[in-house]
Amino acid sequence: MHFYMWRHPYTNMTCYGITGDTDNRKRTYQGGNGFDIQWTYLVEGDAKEIRKLEKTLKQKIKEIESSRGIKISYGDYEWISADVEYESIVQLVESFIEEDNYKTLVLEYKEK
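Residues numbered from 1 in each chain as written. Predicted model: local features only at pLDDT ≥ 70, side-chain atom pairs only at ≥ 80, totals over all residues. Heavy atoms only, no water.

Draft legend 1. Geometry of the overall build of the protein. The number of helices and strands found in the protein is three helices and five strands. Counted from the first residue to the last, the protein has its helices and strands arranged as β-β-α-β-α-β-α-β. Here the C-alpha coordinates of the protein stretch approximately 35 × 35 × 25 Å along the principal axes. Long-range pairs, those at least 24 residues apart, make up 67% of the contacts in the protein with a sequence separation of at least 6. For the protein, the accessible surface area stands at approximately 6,900 Å², while carbon and sulfur atoms represent 45% of it. If the 16 positive side-chain charges of the protein are averaged to one point and the 20 negative ones to another, these points end up 3 Å apart. (Helix = DSSP H or I, 4+ residues; strand = E, 2+ residues; numbered from the N terminus. Contact = heavy atoms within 4.5 Å. Areas by Shrake-Rupley, 256 points an atom, 1.4 Å probe, with all protein chains shown as cover. Lys, Arg positive; Asp, Glu negative; His and termini not counted. Charge placed at Lys NZ, Arg CZ, Asp CG, Glu CD.)

Below is the structure:
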């Protein structure tokens, strides 16, 4: 299973999520948006750890919104506002991976 992120080229919002089939998921986004998308961050691991990583990020987003009184997510979707720097999201995810001692997660791709 994979945890992924990509940036919308027009809104600069960051999309994240999990999938068992990255090619199919990419096609779904491309069909819905009408343009090619590229993963900017991709981690592979067992389903339990990938789900935990996504859940941890969602919880952190809610904590930030609650403590700062600002909205950085978009509805009930896995989108993060363009006001949040992409690199700070990557650093946050990588801190979760390091701090929680995930055993199976492997970084497959990270945009430079």
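Draft legend 2. Focus on the packing of helix α2 (residues 47–68) against helix α3 (residues 86–99). In the contact formed by α2 and α3, the axes pass within 10 Å of each other and the chain directions differ by 125 degrees. Our classification of the angle between α2 and α3 gives oblique. Taken as a pair, α2 and α3 cross one another with a handedness that is right-handed. Listed contacts from α3 to Leu53, Thr56, Leu57 and Lys60 of α2 are Leu92, Val93, Phe96 and Ile97. When grouped by side-chain class, the residues that make up the contact of α2 with α3 number six nonpolar, one polar and one charged. (Axes fitted to C-alpha atoms, helices over the stretch in contact; angles between N-to-C directions. Parallel < 35°, antiparallel > 145°, perpendicular 65-115°, else oblique. Left-handed = near helix turned anticlockwise from the far one by under 90°. Nonpolar A, V, L, I, M, F, W, Y, C, P; charged D, E, K, R; others polar.)

Draft legend 3. Local environment of the environment of Lys48. Considering the arrangement of structural elements, one finds Lys48 in helix α2. With relative accessibility at 70%, the residue Lys48 sits in the exposed group. Lys48 sits 29 residues away from Thr19 along the chain, and the two C-alpha atoms are 12 Å apart. (Buried < 20%, exposed > 50% of the residue type's maximum accessible area, 1.4 Å probe, protein only.)

Draft legend 4. Expanded view of the environment of Ile89. Structurally, Ile89 is set in helix α3. By relative accessible area, which is 3% here, Ile89 ends up buried. For Ile89 and Cys15, which are 74 residues apart along the polypeptide, the C-alpha to C-alpha distance reads 11 Å. When neighbours within four sequence positions are excluded, Ile89 is seen to be in contact with Met5, Thr14, Ile80 and Val84.

Draft legend 5. Highlighting the sheet that holds strand β1 (residues 2–7). Read from one edge of the open sheet, five strands run β4-β2-β1-β3-β5, paired in antiparallel fashion. Looking along the sheet, the strands with just one partner apiece sit at the ends: β4 (79–80) and β5 (106–110). Sheet topology places strand β3 (residues 41–44) next to β5; four bridges connect them, and they run antiparallel. From the neighbouring strand, Glu44 faces β5, where its bridge partner is Val106. Packed on one face of the sheet, α2 meets β1, β2 (14–19), β3 and β4 and runs near 150 degrees to β2. (Pairing = 2+ DSSP bridges.)

Draft legend 6. Region of interest: unusual backbone geometry. Phi is positive for Asn12, which is not a glycine, with a value near 65 degrees. Here Asn12 is to be found in the loop between β1 and β2. Assessed through its relative accessible area of 49%, Asn12 is described here as partly exposed. The phi torsion at Asn101 lies on the positive side, around 50 degrees, for a residue other than glycine. Structurally, the position occupied by Asn101 is in the loop between α3 and β5.

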